[in-house]
Amino acid sequence: MKNRLVQKALSLAITMALLMVALMMISDVVRDRIYNRDRAVQSVVNSTAGPQTLFGPVLAQRCTREVSGKDSEGRVETRLVSFQRYALPDELSHQTRAEMQPRARGLYQVNTFLMHDKLVARFAPGNQLQGKPEGSAVRHCDAPRLVLPLSDPRGIRSATLQVDGKPLPLEPGTGHSVYPRGLQSKTLAAATSGGDSNATMEVVVLLQLMGTERVAFVPLGGTNQVSMQADWPHPSFGGNFLPLSREVSEQGFTASWSIPALASSARQAFVQERSLCSLGIADTSYAYAAEESQCLEQFGTSFIDPVNPYSLSDRATKYGVLFVVLTFVAVAMFEVLKKLRVHPVQYLLVGSALCIFFLLLISLSEHLGFTQAYAMGAGACVLLLGYYASHILGSLRRGLPFAALIAVMYGLLFVLLQLEQTALAVGSLALFAVLAIVMVATRKVDWYAFGKGDNPEPAPKTWAQGLQERA
């Protein structure tokens, strides 16, 4: 253990282990803040309404049929079983305008919205109610009614229904076994039952609906037209269909979808009563299928915050170990090339300052915004490390380049956090550049001689001691 290189490597390994423990604790703090933010979102959802998904409307009719079978004693018995029959719209259109109404829970802001939707559905003559099981005797069918399922009807602020220009009262619930939440009309007359009328039946629904972070639609029409406008400049379009056209500006966005029935399986999936699945935000209104093939197709947009301080802080913390390693490499370069001696405790203090930056970042970003918090935290750490390095490296001329190097590292990290698809490429190139610099700078170092220095040279005078002697 007399080899100085081995001793320094072991001491630095212990120092790195301690700093990794500190980084893990800071990561736990970041995850805890993210958990608190998710709880704040859920609190708003519980008090107002969650993400919204709209179906239909569709014509529904409850019927009963006879089913024959044998009891436990082998005797034949007949019982009545209820089932649903549906008529899906031939044309379906939404004209939607969303107004953002952010809510806050403590430090956490949640993107809620108020949506104004004009929904027009047309049922062509001959659009018969379907869904009768084959080989069964239908005993009785109730009068048909219009059904409009919603993922969270608590967000309804107002709703009106017109059938062929005549107003019709609405009632809560759908009476559906799989999609029970939403609205339903009073029973319709025989002339508008979906098959007996010689004219197209037009249904108009005016709906004001509140929701949280996402709105989506299920394309149940023969043709589906959706036009959406919102005052939010950061939409994230998702689901099974992207918009045909969209315009995004600082004032908001507009988007439109046009989906024919031939491009979607939503009509068949609705009749088969498949589950409603999430587009990325938990929706507790319905049970979700485990596989996408068992889900209703849908499309829509999420109102995201691209500068989310919690997700960005979490990503930044993942670079913490790399930050510490690169800084230790920079200190070691000065130690080898300038023949200095830096104590492991000084390495530990430098690494601790780097770790504290990530704690400053998450705490300040909750109050000031991510960019301003990043600038303040990085600036404070660069000044502190530059001042400390001037003393441990024995010269202000050595401390200033070290501080500049730390500033470059913080700048590179900020660039990586802003990138999505090219972050890996940029980070890999930066690491390659660092390795190349280290290899070129140490190409003439005799590592055998450096490691066998049993009697190390006395530590150089610090910057302050040098100034005192010259005085």
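Refer to the structure presented above.
Residues numbered from 1 in each chain as written. Predicted model: local features only at pLDDT ≥ 70, side-chain atom pairs only at ≥ 80, totals over all residues. Heavy atoms only, no water.

Undergrad: Can you help me understand the sheet that holds strand E4 (residues 91-100) in this one?
TA: Pairing between sheet strands relies on hydrogen bonds along the backbone, with the strands arranged either parallel or antiparallel. Strand order in this open sheet of eight strands is E11-E10-E14-E7-E4-E16-E19-E18, and the pairing throughout is mixed. Edge positions in the open sheet fall to strand E11 (166-167) and strand E18 (245-249), since each of these has one partner strand only. As paired elements, E18 and strand E19 (residues 252-260) share five bridges and run antiparallel to each other. Bridge pairing in E19 places Glu-247 opposite Thr-254. (Pairing = 2+ DSSP bridges. Helix = DSSP H or I, 4+ residues; strand = E, 2+ residues; numbered from the N terminus.)

Undergrad: Whenever I open this one, the pattern of salt bridges confuses me. Can you help?
TA: As a working rule, side chains carrying opposite charge can pair if their charged atoms are close by. Under the definition given, this model contains seven salt bridges. The salt bridge partner of Asp-142 is Arg-62, with a shortest N-O separation of 3.6 Å. Here Asp-142 is found in the loop between strand E8 (137-141) and strand E9 (145-149), whereas its partner Arg-62 is found in strand E2 (residues 58-70), with 80 residues between them in sequence. Taking relative accessible area as the criterion, Asp-142 reaches 30% and is therefore assigned partly exposed. Taking relative accessible area as the criterion, Arg-62 reaches 31% and is therefore assigned partly exposed. A salt bridge links Glu-91 to Arg-122, with the shortest nitrogen-to-oxygen separation between them at 3.5 Å. (Salt bridge = Lys/Arg side-chain N within 4 Å of Asp/Glu carboxyl O. Buried < 20%, exposed > 50% of the residue type's maximum accessible area, 1.4 Å probe, protein only.)

Undergrad: Explain unusual backbone geometry to me, please; I cannot follow it from the model alone.
TA: Across residues other than glycine, the phi torsion is negative in most instances, and most of the peptide bonds are trans. Positive phi, close to 70°, is recorded for Glu-213, a residue that is not glycine. For Glu-213, the location among the structural elements is in the loop between strand E14 (201-212) and strand E15 (214-217). Classification of Glu-213 as buried rests on a relative accessible area of 12%. Despite not being glycine, Glu-273 has its phi angle at roughly 60°, a positive value. Looking at where Glu-273 falls in the secondary structure, it is placed in the loop between helix H2 (266-271) and strand E20 (299-303). Exposure remark for Glu-273: the relative accessible area of 30% places this residue in the partly exposed category.

Undergrad: Help me understand the packing of helix H3 (residues 309-318) against helix H7 (residues 396-418) in this model?
TA: Geometry of a packed helix pair, given as the angle between the helix axes and the separation of the axes. Contact geometry of H3 with H7 gives a least axis separation of 10 Å together with a crossing angle of 130°. Looking at the two axes, H3 sits oblique to H7. Between H3 and H7 the crossing geometry is right-handed. Contacts between H3 and H7 involve Leu-312, Arg-315 and Ala-316 from the former and Leu-413, Leu-416 and Leu-417 from the latter. Class assignment for the residues of the contact of H3 with H7 results in five nonpolar, no polar and one charged. (Axes fitted to C-alpha atoms, helices over the stretch in contact; angles between N-to-C directions. Parallel < 35°, antiparallel > 145°, perpendicular 65-115°, else oblique. Left-handed = near helix turned anticlockwise from the far one by under 90°. Contact = heavy atoms within 4.5 Å. Nonpolar A, V, L, I, M, F, W, Y, C, P; charged D, E, K, R; others polar.)

Undergrad: How do you make sense of the sheet that holds E20 when you look at a structure like this?
TA: Spatially, four strands are ordered E1-E15-E20-E17 in an open sheet, and the strand pairing comes out mixed. Taken across any chain shown, the strands that pair with only one partner, and hence form the sheet edges, are strand E1 (52-54) and strand E17 (235-239). On average, each strand axis in the sheet is tilted by 15° relative to the strand beside it, whichever way the strands run. Direction of pairing for E1 relative to E15: parallel, over a ladder of three bridges. What sits directly across from Leu-54, in E15, is Phe-217.

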